[in-house]
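# Examination of the molecular architecture
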Amino acid sequence: MASQMTDNKTQDTVDITFEGKSISLPIVRGTENESAADISKLRSTSGLITLDPGYGNTGACQSAITFIDGEKGILRYRGYPIEQLAEHSTFLEVAWLLIKGELPTRADLALFSREIARHTMLHEDFRDFFGSLPKDAHPMPVCAATVGALATFYQEPESDRQIQNTVIRLLAKMPTIAAYSYKHSIGQAFMYPQNDLDYSANFLQMMFATPCEEYVVDPVISKAVDLLLILHADHEQNCSTSTVRMVGSSQANLFAGISAGISALWGPLHGGANQKVIEMLEQIAREEGSAEKFLNRARDKGDTTRLMGFGHRIYKNYDPRAAVLKKTCSQVINKLGTSSRLLEIAMKLEEIALRDEYFVSRKLYPNVDFYSGVIYKALGIPTNMFTVMFAMGRLPGWIAHFLEMRNDPDFRIGRPRQVYTGSKERPYVGMDRRS
Ligand code: SDX
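Residues numbered from 1 in each chain as written. Predicted model: local features only at pLDDT ≥ 70, side-chain atom pairs only at ≥ 80, totals over all residues. Heavy atoms only, no water.

## Side note on the overall build of the chain
Applied cut-off: Helix and strand definitions follow DSSP, with helices as H or I runs of at least four residues and strands as E runs of at least two, each counted in order from the N terminus. A radius of gyration in this sense is built from C-alpha atoms; the matching globule rule multiplies 2.2 Å by the number of residues raised to 0.38. Areas reported here follow the Shrake-Rupley algorithm with a probe of radius 1.4 Å; residue values treat only the protein chains shown as occluding.
Helices and strands together make up the secondary structure of the chain, namely 18 helices and seven strands. Here the C-alpha atoms of the chain give a radius of gyration of 24 Å, agreeing with the 22 Å that 2.2 N^0.38 yields for 435 residues. Along the first, second and third principal axes, the C-alpha atoms of the chain reach 80 × 70 × 55 Å. Summed over all atoms, the accessible surface of the chain reaches about 22,700 Å², with 51% contributed by carbon and sulfur.

## Structural notes on unusual backbone geometry
This is how the line gets drawn: Each residue's exposure class comes from its accessible area (1.4 Å probe, protein chains only) as a fraction of the maximum for that residue type: buried when under 20%, exposed when over 50%, partly exposed otherwise.
At Arg78, a residue that is not glycine, the phi angle is positive and equals roughly 50°. You can see Arg78 is positioned in the loop between strand 6 (74-77) and strand 7 (80-81). With relative accessibility at 22%, the residue Arg78 sits in the partly exposed group. Even without being a glycine, Glu236 presents a positive backbone phi close to 45°. Given the relative accessible area of 19%, Glu236 is considered buried.

## Section: the pairing of strand 3 (residues 21-29)
Filter applied, for reference: A strand pair is defined by DSSP finding two or more bridges across the two strands.
Both strand 3 and strand 4 (residues 35-37) contribute to a ladder of three bridges, which runs antiparallel. Within strand 4, the residue paired with Arg29 across the bridge is Ser35.

## Side note on the packing of helix 7 (residues 160-185) against helix 11 (residues 254-265)
The following threshold applies: Simply put, an axis is a line fit to the C-alpha atoms, just over the touching stretch for a helix, and the angle between two N-to-C directions goes from 0 to 180 degrees. Working rule for contacts: check all heavy atoms of both residues, and any pair within 4.5 Å makes them a contact. For this scheme, ten residues count as nonpolar: Ala, Val, Leu, Ile, Met, Phe, Trp, Tyr, Cys and Pro. Four count as charged, namely Asp, Glu, Lys and Arg, and the remainder, Gly too, count as polar.
Running from N to C, helix 7 and helix 11 cross one another at 40°; their axes reach a closest spacing of 10 Å. In contact with Thr166, Val167, Leu170 and Met174 of helix 7, helix 11 contributes Leu254, Phe255, Ile258 and Ile262. Each residue belonging to the contact of helix 7 with helix 11 can be placed in one class, and the counts come to seven nonpolar, one polar and no charged.

## Digging into helix 11
Heads up, the rule is: Given a helix with a known number of residues, its expected span is that number minus one, times 1.5 Å. Identification of polar contacts relies on pairs of N or O atoms within 3.5 Å, with a donor-acceptor requirement for protein atoms, meaning one able to donate a hydrogen and the other able to accept it, and with residues adjacent in sequence counted only if both atoms are side-chain atoms.
Taking 1.5 Å per residue, twelve residues should reach 16 Å; helix 11 reaches 16 Å between its end C-alpha atoms and fits that length. Of all twelve residues in helix 11, ten are buried, a share of seventy percent or more. Among the residues of helix 11, the N-terminal cap falls to Asn253, whose side-chain oxygen and the backbone nitrogen of Phe255 are separated by 3.0 Å.

## Some remarks on the domain arrangement of the chain
So the rule is basically this: An automatic or database domain assignment provides the domain bounds reported here.
For the chain, the domain assignment lists domain 1 (2-50) and domain 2 (65-408). Relative to domain 2, the C-alpha centre of domain 1 lies at a distance of 38 Å.

## Description of empty space enclosed by the protein
To keep it simple, the criterion reads: Only protein atoms enter the 1 Å grid, on which a cavity is a set of points fitting a 1.4 Å probe that cannot get out and a pocket is an open set with protein on both sides within 12 Å along at least 5 of 7 lines, lining residues being those with an atom within 4 Å of a point. Grid points are joined across faces, edges and corners, and a volume is the space filled by probe spheres set on the points.
Per the counting criterion, the structure on display carries one cavity of 30 Å³ or more. When its volume is computed, the largest cavity comes out at roughly 50 Å³. Around the largest cavity, the lining residues are Met121, Leu122, His123, Glu124, Phe126, Arg127, Tyr180, Phe190 and Tyr192. Across the lining of the largest cavity, the residue classes tally to six nonpolar, one polar and two charged.

## Details of the state of the cysteines
Note the cut-off: Any two cysteine sulfur atoms within 2.5 Å of one another count as a disulfide.
Considering all chains together, one arrives at zero disulfides under this definition. The thiol sulfur of Cys239 is not disulfide-bonded, and the nearest other cysteine sulfur, from Cys61, lies at 14 Å.

## Describing the packing of aromatic side chains
For clarity, the threshold we go by: Think of it this way: a Phe, Tyr or Trp ring, Trp meaning its six-membered ring, pairs with another when their centres are within 6.5 Å, and the plane angle makes it stacked under 30 degrees, edge-to-face over 60, tilted otherwise. To sit over a ring, a charge needs its Lys NZ or Arg CZ within 6 Å of the ring centre and within 35 degrees of the ring normal.
One pass over the full model with this rule turns up 18 aromatic pairs. Geometrically, the ring pair formed by Phe130 and Tyr180 is edge-to-face, given 6.1 Å between the ring centres and 70° between the ring planes. Linking Phe130 in helix 5 (residues 126-131) with Tyr180 in helix 7, this pair joins segments that are 50 residues apart in sequence. Pairwise contacts between aromatic rings join Phe126, Phe129, Phe130, Phe153, Tyr180 and Phe190 into one cluster. Between Lys100 and the ring centre of Trp96, over which it is positioned, the NZ or CZ distance is 5.0 Å.

## Notes on the packing of helix 14 (residues 320-336) against helix 15 (residues 341-353)
Short version of the rule: Angles below 35 degrees are treated as roughly parallel, those above 145 as roughly antiparallel, those between 65 and 115 as roughly perpendicular, and all remaining angles as oblique. Here a crossing is called left-handed whenever its near helix is offset anticlockwise from the far helix by less than a right angle, and right-handed whenever the offset is clockwise.
As a packed pair, helix 14 and helix 15 sit with axes 11 Å apart at the nearest point and diverge in direction by 155°. One finds that helix 14 runs roughly antiparallel with respect to helix 15. Seen from above, helix 14 lies across helix 15 with left-handed handedness. In this structure, helix 14 uses Lys326, Cys329, Ser330 and Ile333 to contact helix 15, whose residues at the interface are Leu343, Met347 and Glu350. Split by residue class, the contact of helix 14 with helix 15 holds four nonpolar, one polar and two charged.

## Observations concerning the site of the ligand
Let me state the cut-off plainly: When we say a residue is near a molecule or strand, we mean one of its heavy atoms is within 4 Å of it.
The full set close to the ligand counts 24 residues, and His235, Arg306, His312, Arg313 and Arg321 are the nearest of them. One of the side-chain nitrogen or oxygen atoms of Tyr358 is found 2.9 Å away from a nitrogen atom of the ligand. Here the ligand has 1,100 Å² of accessible area as a free molecule, and 78% of this is covered by the chains. The residue makeup of the shell around the ligand, split by class, is ten nonpolar, seven polar and seven charged.

## Side note on the side chain of Arg169
Its place among the elements puts Arg169 in helix 7. A polar contact is formed between the side chain of Arg169 and the side chain of Glu156, at a distance of 3.3 Å. Beyond its immediate sequence surroundings of up to four residues, Arg169 is in contact with His119, Tyr154 and Glu156.

## A look at the pairing of strand 5 (residues 66-69)
As judged from the four bridges shared by strand 5 and strand 6, these two strands associate in the antiparallel manner. Among the inter-strand pairings, Phe67 is bridged to a residue of strand 6, identified as Arg76. Count of turn residues in the strand 5/strand 6 antiparallel hairpin: four residues, of which Gly73 carries a positive phi of about 70°.

## Here we look at the environment of Leu133
Secondary-structure assignment places Leu133 in the loop between helix 5 and helix 6 (139-153). Along the primary structure Leu133 and Ala145 are separated by twelve residues, whereas in three dimensions their C-alpha atoms are 10.0 Å apart. Once residues within four sequence positions are removed from consideration, Leu133 is found in contact with Val142 and His184.

Put into structure tokens, the structure is as follows:
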């Protein structure tokens, strides 16, 4: 690395030589000393582009929302450690923090909560919308389609005011959309939101109440749901958040960005892993003693089986969210007086994997999805709703990143380049001359 004086400031650079030409790339440093070579002028000065499939080494942006130190297992939202937010905060307070950048005052939070409570209902025409969808559809594409369809009901031209309205509408209506996608899948009547209940309690009553029977919200369950939402609220430039930023970079609206984020999250390598973890644990529970057999398959290069809920692109240490969830698992199950064979199996799998060379050498630890499904199951959340819970939690993070990108004066439409490996130029061949 070299240093150059620019505007009386020392600018660190990294120098590369290509085809006899030397190029100096400025170094950008973050507040936690993350260092990046700024390649924004690379092609215009050298003709070179960079190649980084999966973007494992590529920063897409500078962001002030969430900090992760994967080597140390650190996660902070706007500088606040996830462990402290999990212990002291609420989901709506965390949503405000992520979106606005500071913890809300009591008055801020009261007004924010009231605004959200007043926008929880869906337009009645959504009943026909849900009715047109197959009952056995997975709730994730139902939620993605419904959030996208919100853009047909709210068509005001984009303005700062309209974007703020959209933020409130999305946060308010996501639990209603989630609960309705579940009720639709089981053929039960939709339950209207009850605005005198807090965010998580309202979601639970829309999920489990029926016109014939009131659902009394257990504060233990409601608090656990709120904690799960906090733990999922943001995670910097993950696959679905990068998708939201990419869609928003074309100046498509926030409904479109969030709908795309929900679709990206559905994948089993991403948010869909929590459902796969439970299916894996249930399979092991059915086939006695198959934990070791399962781990053998996960280690076998010739087998595509993976230990779902393990491994992470950024964490090469224990995912701090998994640590909180593991502790919460036992607390919730004890408080509810239930037992969990699945929790025992999960802890056994973790114990074996964390002393197994294959997993240790690759720094594969439990991630957020490994224990979350066990808690969702203990709370009575249906398995196919686990990733919807993840989407509900991640919503404020997606919104915060969309707004951060849109408010960046230097933001540009996302448009990566490629290294072309296809055919060189060749003349068109008429049908009769093709073999
Ligand atoms: C989330 O990015 C985020 O922040 C995501 C997230 C968020 O909050 O937004 O944290 C949420 O998506 C958590 C991850 C949920 N997914 C899973 O639990 C699925 C199982 N895990 C993996 O498929 C994998 O670990 C990924 C997808 C999470 C990460 O994949 P990478 O970074 O591309 O790593 P890789 O596939 O290149 O794996 C490196 C090595 C490979 O072996 P080798 O080729 O070196 O021999 O580790 C192996 C992999 O085969 N490996 C696993 C494994 N995960 C990686 N082997 C067995 N089981 C696993 N789970």
